[in-house]
Amino acid sequence: LLILLTLLITGTTFAEEKDSKIYILDNNVYYDCPDGAMEAPSDLNIDIESVDIINDRFFKDKNFVYQVTSDWHSHFCYFTKIEEIDVESFEFLNNFFQKDKTNIYHSDFYWGWMTPRKKDLDVSTFQVLNDVYAKDSNGIYFAVNNKFGTVADADLETFEVLSEDES
């Protein structure tokens, strides 16, 4: 009750997300970094009224998709505006693959999450198979340990993931 009263008196709002490290406080976006909360830089010009928190790494407003990168090794965190991603159609598929209406993006965890990079894949047939593997009408792909590649000579019809880990 005390927390609720404090929120009402101060006008503070929290994003209604499931235990997200990204949250809204006093009309700013924050990220819960290993060394404490970090506020999004004002030069990102985030439209607070339209913020939609996707998960612990991504959020969007009416204009852009943003990513918070956390380097677990040095505890460094930073916010990135990803201008080339279409906001309306952005989808978080898993930790390694994201998409919008025209592109597939790959991001990886290697000393911290990397900003999604556009891949030349067929969006209309792209399908995530597990945390590491995905496919489209042209091939089978893997994303692990800062590497993105094609599974050579894989048969699209019979390829099967045999384990859920990275092996």
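In what follows, the structure referred to is the one given above.
Notes on the structure follow. Since the model is a prediction, treat every value here as computed from it, not as a measurement.

1. A few points about the overall build of the protein
Here comes step 1: When helices and strands are counted, the protein shows one helix and 15 strands.
Here comes step 2: The buried share of the protein, reckoned over its 167 residues, is 40%.
Here comes step 3: Taking contacts inside the protein between residues at least 6 apart in sequence as the whole, the part at least 24 apart equals 39%.
Here comes step 4: A total accessible area of about 9900 Å² is found for the protein, and carbon and sulfur atoms account for 49% of it.

2. A few points about the state of the cysteines
Here comes step 1: The full count for this structure, using the stated rule, is one disulfide.
Here comes step 2: Two residues, Cys33 and Cys77, share a disulfide whose sulfurs are 2.3 Å apart. Here Cys33, found in strand β2 (residues 28-33), pairs with Cys77, found in strand β7 (residues 76-82); they are 44 residues apart in sequence, far enough to count as distant. Each member of the pair, Cys33 as well as Cys77, carries the same accessibility label: buried.

3. Some words on the sheet that holds β2
Here comes step 1: Across the sheet, three strands lie side by side as β1-β2-β3; this open sheet has antiparallel pairing. Here the strands that pair on one side only, and so sit at the sheet edges, are β1 (22-25) and β3 (36-39). The sheet shows a mean angle of 40 degrees between the axes of neighbouring strands, direction not considered.
Here comes step 2: Looking at chain direction, β1 and β2 are connected through four bridges and run antiparallel. Each residue of the ladder has a partner; that of Ile22, found in β2, is Tyr31.

4. Thoughts on the packing of aromatic side chains
Here comes step 1: Counting across every chain of the model gives ten aromatic pairs.
Here comes step 2: Residues Phe58 and Phe90 carry aromatic rings whose centres are separated by 5.4 Å and whose planes lie at 50 degrees to one another, so their mutual orientation is tilted. Taken together, the residues Phe58 in strand β5 (residues 58-60) and Phe90 in the loop between β7 and β8 (91-92) connect sequence positions 32 residues apart. Neither residue differs from the other here; Phe58 and Phe90 are each classed as buried.
Here comes step 3: Aromatic side chains Tyr141 and Phe148 sit 5.9 Å apart centroid to centroid with 10 degrees between the ring planes, which places their arrangement in the stacked category.
Here comes step 4: Ring-pair connections join several aromatic residues into one group, and the members of that group are Phe59, Phe64, Tyr66 and Phe79.
Here comes step 5: Here the guanidinium or amino end of Lys81 rests over the ring plane of Phe64, the centre of that ring lying 4.5 Å away.

5. A few points about the environment of Phe58
Here comes step 1: Given the relative accessible area of 0%, Phe58 is considered buried.
Here comes step 2: Residues Phe58 and Phe92, 34 residues apart in the sequence, show an inter-C-alpha distance of 8.2 Å.
Here comes step 3: Once residues lying within four places of it in the same chain are set aside, the contact partners of Phe58 are Ile22, Ile53, Val65, Tyr66, Gln67, Ile82, Phe90, Phe92, Gln98 and Pro116.

What counts and what doesn't
Residues numbered from 1 in each chain as written. Predicted model: local features only at pLDDT ≥ 70, side-chain atom pairs only at ≥ 80, totals over all residues. Heavy atoms only, no water. Helix = DSSP H or I, 4+ residues; strand = E, 2+ residues; numbered from the N terminus. Buried < 20%, exposed > 50% of the residue type's maximum accessible area, 1.4 Å probe, protein only. Contact = heavy atoms within 4.5 Å. Areas by Shrake-Rupley, 256 points an atom, 1.4 Å probe, with all protein chains shown as cover. Disulfide = S-S within 2.5 Å. Pairing = 2+ DSSP bridges. Axes fitted to C-alpha atoms, helices over the stretch in contact; angles between N-to-C directions. Phe/Tyr/Trp six-rings, centres within 6.5 Å; stacked < 30°, edge-to-face > 60°. Lys NZ or Arg CZ within 6 Å of the ring centre and 35° of its normal.

Function cannot be read off these values alone, since they describe shape.
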